[in-house]
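Take a look at the letters that make up each chain.
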Amino acid sequence: MEEHNTVNFMRLLSDESTRSTVSSDSCEYYQTEIFDQLPSIQASRPEQDRQCHWEASEAHQGGPQVGERISHGHLSRGPKDKASTQPLRNMVMSIQGKRDARDRRKMQVSNIGFWESWRRSQSINWKRSWEQMGGTLSGLLPWQGTLHVIAGRFGVGVKAYFVFLRYLVYVNILHCAIIWGFILGPTTFYGRSNSSEPLKFGGNDSFLDFFRGTGYLDRSPAFFGFYTRGSLNFKCLNTPLLYFAGILIVFFLSLILVVRRTTVGYKHTWMLGKRYSMNVSYKIFCGWDFIIQDPAAATLKHSFIRNDLKLFLEEQSFSLRQAQRTLGQRVRLFLLRSALNLLVLSLLGGAFYLIHFSTSTTTSSYKSGQHWLVSLVLEYLPPITITFVNLLLPHIFRKISSFEDYSFTMQVNATLVRSIFLKLTTLGIYLIFTLTEPQQDHFPCRENMFGREMYKLCIFNFLANFCNVFLLNYPRKLLQEKYTLSLLSRLLGKQHFLIPFNVLDLVYSQTVFWVGVYYCPLLPLIGTVILMGTFYIQKFMVLRCCVAEQRMFRGSSSSVLFHFMLLLGLIMAATTVGFNLYQEKRSSCGPLGNGETVFNVTGVCVDSLPSPAQTTLRYLASEAFALPLILAEIIILTSYVSRGRANQKAIERLKDMLVMSSSDKRFLVKQHATMLRRQRTPHRARSAAIKEDDPPQPF
């Protein structure tokens, strides 16, 4: 015989569940005999018995009596339900139900005092005001209309890219405000040292300096060497400390913003993940995007839902096929994947060698007598190599993943992980080659030289994006529109906006901004201009050159990966700056141009403070403070884990309550059908008896 697992369903008991503000007229349902026969009540009867026993013992010990909690035939007013203050238009019920709810609220207002009624009305008015204010402010956000048009034609996946781009613009604007308040503003008001040269454009300066980062731009506020000690020269308030504090605040705020976005996205993905997977009925009945306005976009949305269902069925069939593989097939597949991974590693090794070769060539080519164009190309050789590698290899990785016999989702994730590793590793290797190379005699300021390399990376990445759109994609679109049936047009095919690769480019650009902000303080301002230009370039490309994808991009599941990738870029930038500061190399320019280091400047400031402040700061910087800090972190993490487990149990109980509510509905329907049959049976019996009693009619 089969063993049936019995499940004990229990309701959640709390103060809010045992109290109500509803009058006694609505409690007639609880006074009927059928209430005790419901499956949910039968399942929760042991819990209610324990609750009654606890109340009886409390009353015996002198606790609050039952009569004190019940007055005038209805339950006492405890914490009010959220539905009592929720606007009627937000409640999911019929018009008649809303009218009944409004009448019940009027009855409650008549039973409560003036102060409680005024407080509830003010709470409702405040909520409505905040909702209207939020809607007004959201309409004032930049590019809101453009995002609405893009979402209507291409779906929310492409819109998510532009929202992420706008978020990076906000982050860089915040960085600009911090740089102005801590670095550029004090230097502007208090000036620089007397030995600093005045900033003038002339002599050997040329227009090429704005591309090469030399000459006039090298002496401008864009780079580290411009900020020297001025009249603001106190022990704890001077240019070096303000410079270091500004950079530290930039990294700290960036960490808070990125971690917050990552955790929120992870929570959303976890709630919609495999534990609470959406079934096919949800995808069919709740998968429509109601912001679509274009009929063509509506047709595409139909194809999105259809392809999403196809993708779901493909993944299910792939799981079945994967479970049915024989040992020989698994061995052959393992060997194939190993060979393809070796190919990927070979491509990565070749890319790293190209970066090393281009960096060495650029370093050894600094000599006079070359043409300006040749010199410009040699200086931009590392950025050209990095950009070429980052554009070509992700598409090769995409082709390789299609031969590894993974599911479609796994193919996308494998391509993304390899592309992430490629972009961050190429940038990291270039930073290592740049930091470890010997200092050139014609570049006395090492910090300016490093900032110049980051500046050239940003400029060339933007120029490559511009040329890719207007010199490749737009002519390709014109060719397809004018010569639709030509062989070249059919070979090129339609253009699609590849969301993962474009987001990777944004993350790479933002990582470069973070790496170079210490050596080029105006790089956030330059990055803001570049990102705004990128927005309009990508907008032109999407609306003019691209067609919508036939397979939906799951932006909600990949957004966590994008923000986590952004967090890795921030960690790499902070590690680069920290490594440079930890080396304690004497700088010959900038705020530390007198042979000082950050540790020397902060040490002088700490020594000038009072003795209690010195003791406190030294204790915070010592190893003795690490133990209580670790203990506090353990306690906080333990509390969050405990809260998460409690919420998980509450969710399971609520799911059980939903199951029992459906059982109650089935039980009530069954009882109603039984009553109807009982009402019909005596009527039929009486009709039959009457027919039997009637005498037969004569012919």
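For clarity, every value in this text was computed on a predicted model and none was experimentally measured.

Cut-offs and rules
- Residue numbering note: each chain is counted from 1, following its sequence as written.
- Confidence filtering applies because this is a predicted model: local features only for residues at pLDDT of at least 70, side-chain atom pairs given and counted only at 80 or more, and all residues used for totals across whole chains, interfaces and linings.
- Side-chain descriptors were evaluated using all non-hydrogen atoms of the structure, hydrogens and water having been removed beforehand.
- Comment: elements are numbered from the N terminus, with helices defined as DSSP H or I runs of at least four residues and strands as E runs of at least two.
- Buried, partly exposed and exposed residues are distinguished by accessible area as a fraction of the type maximum, computed with a 1.4 Å probe on protein chains only: under 20%, between the cut-offs, and over 50%, respectively.
- When checking whether two residues touch, look at their non-hydrogen atoms; a contact exists if any pair is within 4.5 Å.
- In short, Shrake-Rupley with a 1.4 Å probe defines the accessible areas, and a residue's cover is counted only from the protein chains shown.
- Residue types Ala, Val, Leu, Ile, Met, Phe, Trp, Tyr and Cys, when buried and joined through side-chain atoms within 4.5 Å, form a set referred to as a nonpolar core.
- Whenever a carboxyl oxygen of Asp or Glu lies within 4 Å of a side-chain nitrogen of Lys or Arg, that contact is scored as a salt bridge.
- To pair, rings of Phe, Tyr and Trp, with the six-membered ring standing in for Trp, must have centres within 6.5 Å; the planes then decide the type, stacked if under 30 degrees apart, edge-to-face if over 60, and tilted in the middle.
- Between N or O atoms, a polar contact is any pair within 3.5 Å; within protein, one atom must be a potential hydrogen donor and the other a potential acceptor, and residues adjacent in sequence are included only when both atoms are from side chains.
- A fitted line through C-alpha atoms serves as each axis, taken over the contacting stretch for helices, and the angle formed by two N-to-C directions is quoted from 0 to 180°.
- Angular relationships are summarised with four words: roughly parallel below 35 degrees, roughly antiparallel beyond 145, roughly perpendicular across 65 to 115, and oblique for the angles in between.
- The crossing is said to be left-handed when, going from far helix to near helix, the turn is anticlockwise and less than a right angle, and right-handed when the turn is clockwise.
- In this classification, Asp, Glu, Lys and Arg are treated as charged, Ala, Val, Leu, Ile, Met, Phe, Trp, Tyr, Cys and Pro as nonpolar, and every other residue, Gly included, as polar.
- Two cysteine sulfur atoms form a disulfide, by the criterion used here, when they sit within 2.5 Å.
- Each patch groups residues whose relative accessible area exceeds 30% and which form no salt bridge, using 9 Å between like charges and 5 Å between nonpolar side chains of Val, Leu, Ile, Met, Phe, Trp and Tyr.
- pLDDT is defined as a per-residue confidence score from the predictor, taking values between 0 and 100.

## So, the overall build of the protein chain
- When you go through the protein chain residue by residue, the secondary structure sums to 24 helices and 2 strands.
- Looking at the protein chain as a whole, 35% of its 699 residues are labelled buried.
- Across the protein chain, the fraction of contacts at a sequence separation of at least 24, relative to all contacts at a separation of at least 6, is 74%.
- Accessible area of the protein chain: about 42900 Å², with a carbon and sulfur share of 63%.

## Digging into the nonpolar core
- Counting 93 residues, the largest nonpolar core has M454 and Y518 as its most contacted members.
- Looking at which element gives the most residues to this core, the answer is helix α7 (residues 156-190), with 13 residues.
- In this structure, Y518 is in contact with F224, Y243, I247, V577, L581 and L592, ignoring residues within four places of it in sequence.
- Listed in part, the 11 residues of the second largest apolar core include A351, V389, L393 and L422.

## Things to note about the pattern of salt bridges
- Summed over the entire model, instances satisfying the criterion amount to 7 salt bridges.
- Notably, a salt bridge pairs R418 with E404, separated by 2.9 Å at the nearest N-O pair. Linking R418 in helix α16 (residues 408-436) with E404 in the loop between α15 (381-401) and α16, this pair joins segments that are 14 residues apart in sequence.
- The exposure class assigned to R418 is buried, which follows from its relative accessible area of 14%.

## Section: the packing of aromatic side chains
- The full count for this structure, using the stated rule, is 22 aromatic pairs.
- Seen from their ring centres, F162 and F497 are 6.2 Å apart, and the 15° between their planes marks the pair as stacked. One end of the pair, F162, is in helix α7; the other, F497, is in the loop between α18 (487-492) and α19 (499-516), with 335 residues separating them in the sequence.
- Given the relative accessible area of 0%, F162 is considered buried.
- Take F497: its relative accessible area is 4%, and that puts it in the buried class.
- Between Y353 and F357, the ring centres sit 6.5 Å apart and the planes meet at 25°, which makes this aromatic pair stacked.

## Let's talk about the environment of E404
- What makes E404 buried here is its relative accessible area of 0%.
- Sequence-wise, E404 and S338 are 66 residues apart; in three dimensions their C-alpha atoms are separated by 9.5 Å.
- Ignoring anything within four residues of it in the chain, the contact list for E404 reads L333, R337, L340, N341 and R418.
- In terms of polar contacts, E404 uses its side chain to reach the side chain of R418, at 2.9 Å.

## Section: the packing of α19 against helix α20 (residues 523-545)
- It is at 9 Å that the axes of α19 and α20 come closest, and there the two elements cross at 165°. With respect to each other, α19 and α20 are oriented roughly antiparallel. The element α19 and its partner α20 pack so that their crossing is right-handed. Within the contact between the two elements, α19 uses N502, L506, Q510, V512, F513 and G516 and α20 uses L523, G527, L531 and Q538.
- Across the contact of α19 with α20, the residue classes break down as 5 nonpolar, 5 polar and no charged.

## Section: the state of the cysteines
- Counting across every chain of the model gives 1 disulfide.
- The structure places no disulfide on C458, whose sulfur is separated from the nearest cysteine sulfur, that of C520, by 7.9 Å.

## As for helix α6 (residues 144-154)
- Those residues of α6 lying buried are T146, L147, I150, A151, G152 and F154.
- Once α6 ends, the next one or two residues include G155, with phi positive near 90°.

## Some details on the side chain of S419
- With respect to the secondary-structure elements, S419 resides in helix α16.
- By relative accessible area, S419 is classed as buried at 0%.
- Separated by 2.8 Å, the side chain of S419 and the backbone oxygen of T415 make a polar contact.

## Regarding the packing of α15 against helix α17 (residues 446-482)
- Relative to each other, α15 and α17 sit at 50°, their axes nearing to 9 Å. Judged by the angle between their axes, α15 and α17 are oblique. The crossing of α15 and α17 is right-handed. Residues P383, I384, I386 and T387 of α15 form the contact with α17, whose participating residues are K456, L457, F460 and A464.
- When grouped by side-chain class, the residues that make up the contact of α15 with α17 number 6 nonpolar, 1 polar and 1 charged.

## Examining a nonpolar patch on the surface
- A cluster of nonpolar side chains, contributed by W126, W130, M133 and L137, occupies part of the molecular surface with about 500 Å² of accessible area.
- Locating M133 in the fold gives a position in helix α5 (residues 114-140).
- According to the relative accessible area criterion, M133 is partly exposed, its value standing at 44%.

## Concerning unusual backbone geometry
- In the Ramachandran plot, D405 falls in the positive-phi region, its phi being about 55° despite a non-glycine side chain.
- Tracing the backbone shows D405 in the loop between α15 and α16.

## What about the confidence of the model for the protein chain?
- Of all residues in the protein chain, 75% have pLDDT values of 70 or greater, and the mean over the chain is 76.
- For the protein chain, per-element mean pLDDT is lowest for strand β1 (residues 70-71), which scores 37, and highest for α20, which scores 92.
- Low pLDDT, under 50, characterises residues 1-32; the stretch is placed with 42 contacts to residues that sit more than four places away or in other chains.
- Low pLDDT, under 50, characterises residues 273-277; the predicted model gives this stretch 7 contacts beyond four residues in sequence or across chains.

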